[in-house]
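Observations on the three-dimensional arrangement
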Amino acid sequence: MESLIIILVGVLTTVAIYLVLSKNVVRVILGTAILSHAVHLLILSMGGLKVGTVPLLGEEAEVYVDALPQALILTAIVISFAVTAFILVLAYRAYQELGTDNLGAMRGSDDE
Amino acid sequence: MYLLIFAILIPFIATALIPLIHKRIGAFHIGWFVLLVPLALFAIFVMQIPAISNGETLIQAVNWIPSLGINFTAYLDGLSLIMALLITGMGSLVVLYSIYYLSSSDSFPHFYAYLLLFMGAMLGVVLSDNLLVLYVFWELTSISSFLLIAFWYHRKNSRYGAQKSLLITVFGGFGMLAGFLMLHSMTGTFSIREIAAVLGQYTDHTLFYPAMFLVLLGAFTKSAQFPFHIWLPDAMEAPTPVSAYLHSATMVKAGIYLVARFTPLFGGSAAWFWTVTLVGLVTLFWGAFCAVRQTDLKALLAYSTISQLGLIMSLFGLGSAALHFGDGELGELYGLAIFAALFHMINHSTFKGALFMVVGIIDHQVGTRDTRRLGGLISFLPITFTFAVIGSFSMAGLPFFNGFLSKEMFFTATVNAAILPAFGASTWGLLIPVIAWIASVFTFVYCMVFVFRTFFGTPQLKKLDRKPVEPSIGMLISPAILCIFIVGLFFVPNLLGDHLLKPAMNGIIPGIPGAAPHISAWHGFNAELFMTLGIIVIGTFLFLTFRSWYKIYLIQPAGWNFTVLYNSFLKGLKRAANWITTHYMTGYLPAYFAYIFIFFIVTSGGALIFTGALSIDLTADSPIAIYEGMLIAVMVIAAISMLFAKSRLTAILLNGVLGFSIAIFFVLFRAPDLALTQLVIETVTTALFLLCFNFLPEWTKEDSPKRTKIRNAVIAISAGVTVTLIGLTVNSGRLFDSISGYFEDSYELAGGDNIVNAILGDFRAFDTMLESLVLFIAGLGVYTLIRLKLGKGTKKDEHQ
Amino acid sequence: MNINDVILKTVSKAVVLIILTFGIYLFLSGHNQPGGGFIGGLVIASAFVLMFLSYDSETVSDALPIDFKKLSAFGVLLAMASGIAPMFFGGAFLAQSFGYFDLPIFGKTELATVTIFEAGIALTVIGVVVNIILSISEDE
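Residues numbered from 1 in each chain as written. Chains lettered and ligands numbered in written order. Predicted model: local features only at pLDDT ≥ 70, side-chain atom pairs only at ≥ 80, totals over all residues. Heavy atoms only, no water.

**Quick look at the overall build of chain B**
Along its length, chain B carries 33 helices and two strands. In terms of overall dimensions, chain B has a C-alpha envelope of 105 × 75 × 55 Å along the principal axes. Within chain B, the proportion of its 800 residues that are buried is 57%. Pairs at least 24 apart in sequence give 79% of the contacts found in chain B among residues at least 6 apart. (Helix = DSSP H or I, 4+ residues; strand = E, 2+ residues; numbered from the N terminus. Buried < 20%, exposed > 50% of the residue type's maximum accessible area, 1.4 Å probe, protein only. Contact = heavy atoms within 4.5 Å.)

**Quick look at the packing of helix 17 (residues 402-418) of chain B against helix 19 (residues 431-455) of chain B**
Residues and elements named next belong to chain B. It is at 8 Å that the axes of helix 17 and helix 19 come closest, and there the two elements cross at 155°. Classified by the angle between their axes, helix 17 and helix 19 sit roughly antiparallel to one another. Residues K407, F410, F411, T414, V415, A417 and A418 of helix 17 pack against I432, P433, A436, W437, S440 and T443 of helix 19. Looking at the contact of helix 17 with helix 19, its residues break down into nine nonpolar, three polar and one charged. (Axes fitted to C-alpha atoms, helices over the stretch in contact; angles between N-to-C directions. Parallel < 35°, antiparallel > 145°, perpendicular 65-115°, else oblique. Nonpolar A, V, L, I, M, F, W, Y, C, P; charged D, E, K, R; others polar.)

**Some details on empty space enclosed by the protein**
Evaluation of the coordinates by the stated rule reveals five cavities of 30 Å³ or more. The space that makes up the largest cavity amounts to roughly 120 Å³. In terms of lining residues, the largest cavity is bounded by 13 residues, among which H37 and S80 of chain A together with I681, E682 and T685 of chain B are the most central. Residue assignment for the lining of the largest cavity shows that the elements contributing at least two residues are helix 2 (25-46) and helix 3 (67-98) of chain A together with helix 28 (672-693) of chain B. Split by residue class, the lining of the largest cavity holds four nonpolar, eight polar and one charged. Considering the residues around the second largest cavity, the lining is formed by L74 of chain A, N757, L760, G761 and T768 of chain B together with G35, G36, G37, F38, F117, E118 and I121 of chain C. (1 Å grid on protein atoms, 1.4 Å probe; cavity = no way out; pocket = protein on both sides within 12 Å on 5 of 7 lines; lining within 4 Å. Points joined across faces, edges and corners; volume = space filled by probe spheres on them.)

**A short note on helix 16 (residues 382-396) of chain B**
Residues and elements named next belong to chain B. Over its 15 residues, helix 16 runs 21 Å from end to end, which matches the ideal 21 Å to within 8%, given 1.5 Å per residue. Within helix 16, eleven of the 15 residues are buried, which leaves it mostly tucked inside the rest of the structure. Taken residue by residue, helix 16 has T384, F385, F387, A388, V389, I390, G391, S392, S394, M395 and A396 as its buried positions. Elements in contact with the buried residues of helix 16: helix 13 (297-319), helix 15 (329-366), helix 17, helix 19 and helix 20 (473-491). (Expected span 1.5 Å × (residues − 1).)

**A word on the side chain of E2 of chain A**
Following the sequence through the fold, E2 of chain A ends up in helix 1 (residues 2-20). Judged by relative accessible area, which is 4%, E2 of chain A ranks as buried. If sequence neighbours within four positions are ignored, E2 of chain A has contacts with S45, G48 and L49 of chain A together with D621, S622 and N731 of chain B.

**Considering the interface of chain A and chain B**
Across the boundary between the two partners, chain A contributes 79 residues, which contact 94 residues of chain B. Taking both sides of the interface into account, the surface hidden between chain A and chain B amounts to around 8300 Å²; carbon and sulfur atoms contribute 75%. When the area that chain A buries against chain B is broken down by residue, the three leading residues are M1, L21 and K50 of chain A, summing to 9%. Viewed at the interface, chain B and chain A are joined by zero salt bridges. (Buried area = accessible area lost by both parts, 1.4 Å probe. Salt bridge = Lys/Arg side-chain N within 4 Å of Asp/Glu carboxyl O.)

**Concerning the interface of chain C and chain B**
Taken together, the contact between chain C and chain B spans 44 residues of the former and 38 residues of the latter. Here chain C meets chain B over a buried area of about 3700 Å², counting both sides, of which 73% is carbon and sulfur. Our count for the chain C to chain B interface comes out at zero salt bridges. There are four residue pairs in polar contact (both at pLDDT 80 or more) connecting chain C and chain B. Elements represented by at least two residues in the side of chain C that touches chain B include exactly helix 1 (3-29), helix 2 (37-54), helix 4 (68-84), strand 1 (98-103) and helix 5 (114-138) of chain C. No other element matches the 15 residues that helix 5 of chain C contributes to the side of chain C that touches chain B. (Polar contact = N/O pair within 3.5 Å; in protein donor to acceptor, adjacent residues only side chain to side chain.)

**A word on helix 1 of chain A**
For helix 1 of chain A, built from 19 residues, the straight-helix expectation of 27 Å at 1.5 Å per residue is met to within 8% by its first-to-last C-alpha distance of 26 Å. For helix 1 of chain A, the buried fraction is high: 15 of the 19 residues fall into the buried class.

**A look at the confidence of the model for chain A**
Residues at a pLDDT of 70 or more form 96% of chain A, whose mean pLDDT is 85. Across chain A, helix 1 of chain A holds the top mean pLDDT of 92, while helix 3 of chain A sits lowest at 89. (pLDDT = per-residue confidence, 0-100.)

**Looking at the nonpolar core**
Residue and element names in this part refer to chain B. Ranked by size, the top nonpolar core spans 218 residues in total, and within it F45, Y112 and L342 carry the most contacts. Counting residues per element, this core draws most heavily on helix 15, at 21 residues. There are two domains that each give this core at least three residues, and those are domain 1 (1-204 + 238-249) and domain 2 (267-554). (Core = buried A, V, L, I, M, F, W, Y, C linked by side-chain atoms within 4.5 Å. Domains from an automatic or database assignment.)

**Points about the domain arrangement of chain B**
For chain B, the assigned domains read domain 1 (1-204 + 238-249), domain 2 (267-554) and domain 3 (582-734 + 746-799). Look at where the C-alpha atoms of domain 2 of chain B and domain 3 of chain B centre, and you get two points 66 Å apart.

**With respect to the packing of helix 13 of chain B against helix 17 of chain B**
All names here are of chain B. Where helix 13 contacts helix 17, the axes come no closer than 10 Å and their chain directions differ by 45°. Relative to helix 17, the element helix 13 lies oblique. As helix 13 runs across helix 17, the sense of the crossing is left-handed. Residues L311, S314, L315 and L318 of helix 13 touch helix 17, and the partners they reach there are K407, F410, A413, T414 and A417. Of the residues that constitute the contact of helix 13 with helix 17, the class distribution is six nonpolar, two polar and one charged. (Left-handed = near helix turned anticlockwise from the far one by under 90°.)

As structure tokens, this is what we get:
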């Protein structure tokens, strides 16, 4: 299962990076969103999958799954939301000011 | 009681209050409020003298980052007390002086805020026992010095001087930090006292000498030792009270303080002895030699400060030999140098402070400090003249002033060094008193230059901006007090010696209490006396015949000095940076992304292959259920079809598919908290995308050339493969045990059943707190981006 | 006002109440059950967002005079202050403590300082999320 998830992570990363490398701002933002999905899955699979029960001590189980990756991911999810929101707004404000959503056209002049 | 820690904090608190007070008081000069701070602190430290002179020390600690061994430990011993008294005492005088010196067009709140900031930082340097805390305060003094030098920032020279001082002192500071870290890695503690107790065991450690030289680098840059002295003359662009305070009495002594503080750690070794002594002597000579030719009085004082700092530095070097011998006759003989160093450190602050204030008065009253325009001021400024004579004669080491006493002790130390029976001094040791004597001749000459070029000769009133008159009484109080000290210390030196210098010396060379002498002005006809007499005779001769040997200064070609080296280094750095930037920073975001990903692929992928770490082991995998396989298939299809999505709406929906699938995975992988969060976040994110699409155009087909597309695809696929391989490798073998077992005790440790939540709120609460800060900043960023409309219309007008 | 709006508004009135209750439940139970500051805050925020979407922002702002920017700043401050407080009792920054008390109605109850910290986090999340959505939707 872990290996399969890691391969899925690889596919998601590939797609994300291809999108990030494109000229269109929205594609770039979508790329970053997918990249964070991929990273979340990667971190989770590093702790081992399905090897125990949910990390709630009330369950009184023998083994719990690794809780540390979950804590990391929880933080990452919220941060990536904030960052996505920020760059989305940055993108549309840039469009309002500059009249383009093409990164090639946002390059600016040489004397800047 | 946290008296010491409050003493450090009070100036910082006062700094913060200055803008508030300034608004309230109207025409009343804010300097009077500021004056209360150093005065109160001075009183506090004076009250500590009895305890310290009995050999006690004060330690007050507040835990700061205990897990890293960083505690805010304030430590007061004799050495710290001397420094603290200098900082607060000179601080009081300088603030008082500055009230009359600054003109009404200057920004008082800025000036006093920087000055108090410096005062607090400097107190922090001399009072902290923890190396990292010391480092932080150390850099803070550099920053406040930078701000004060650039106080008249409209002047180009001020900005240049400020930048130079900052670059050089911070460069040294970084070196020092590295040295501190080495000390920590050797001894496992950041506390100076603890390191001093154990460092003796580590003299064979490979890091011992690197640590020593790096700490010295910090000290030498800060105390303007050769060849790092070049920043100090340029720092004279600061207002004169600042020069008197930071650049002669206190901040430049931080390096000397550091050397003194580290003498018990490193002292006793030949490397320390020779480095500190020789650098000090060279600085002593070079500073004195350069000072003679200066025509700007402040530049003259700057070089003289460099020279005097070198003198004190070399004394600390010479005195460190005492630690080699330990308690006994030889230890006491060489320990005298430490005593002399401390004595001269105080004396230097008194006479140099007075001299700077004299220059400030001259500058303030006649509008110039160029010796070519000055002369004959004795009849116009008799009181100022008296101060100048007292200050410079003390600096020259003439009797009836405190400088004489410490200068004599300096000669004693150098003469003793010539016969030092250790460190191979028998061959070259004779050079020490010779260099010291030659340098002292030049010291005498520039002292005479200072007095005679300014106050004697024919007055050149036409060249002056104003008719010279004595300044208001307020400006004369501070130098007068210093002059009283200069003379007073000559007659009752042992009051200082017994109560302050002796305990300080005992801290620097512990276990040799006999080294402290009874100071007396008359020792009989010995070598030191004849050295002084020789200086007076030869010095007077050189001063009178200055024109005939002036050409000696022309031997050094104009382009051959360290300032030129510094300037061309900065220029080269700028050019190189510019070249790299223009070639590398294309301003095109995808190019930057490409750099990042290629770098990642090359380094991480390369490391994976070349270290032979790559290994794939599927045996430990958990089984796959059929619905999980289907979910993975759905995600792969959704991801790939996103590349071919015709409209952005489709892309968003596909992104939603991915997000919700991951939420399902979180459920399958026993992560209920994550599943909940992911569900809500995915919903809100999708809403956010849709909202923003109102403002963005429908996306167009990517019109890049085929070559770019293939390049991008190659980068993307290689990165994906690299990530996969790293993931598989990590998954197939564990290099060390998981730390997660610790968190499973969350019920006992944090009182929570939910381990994830306990990690977030308790074990790693610091991360979570900063995360909420990031969130807040992002929210603020979004808000300002939307509300902040840059000069609406201006841009559009240009296009029309 | 068309019929859809009426349905939306009526439904959302009820739904918002349910979501809010659920959010507060998640926030409070986070210590022992799934939930906590982030999730609780997010759910409560989504309730507010739903309100703003189904009514116009003026109506909601009148009924609910909260400045969400200030709310998020307050949240950050609360989280930090809850970290500084233990330093006065000799603890480290952000050290949390907990204890069990017999309260009259609830019986044996666990009270933990982490709840204050989590409240700060939750307020930050609510403030930021609502503020982001509101800023964007109010932009012309």
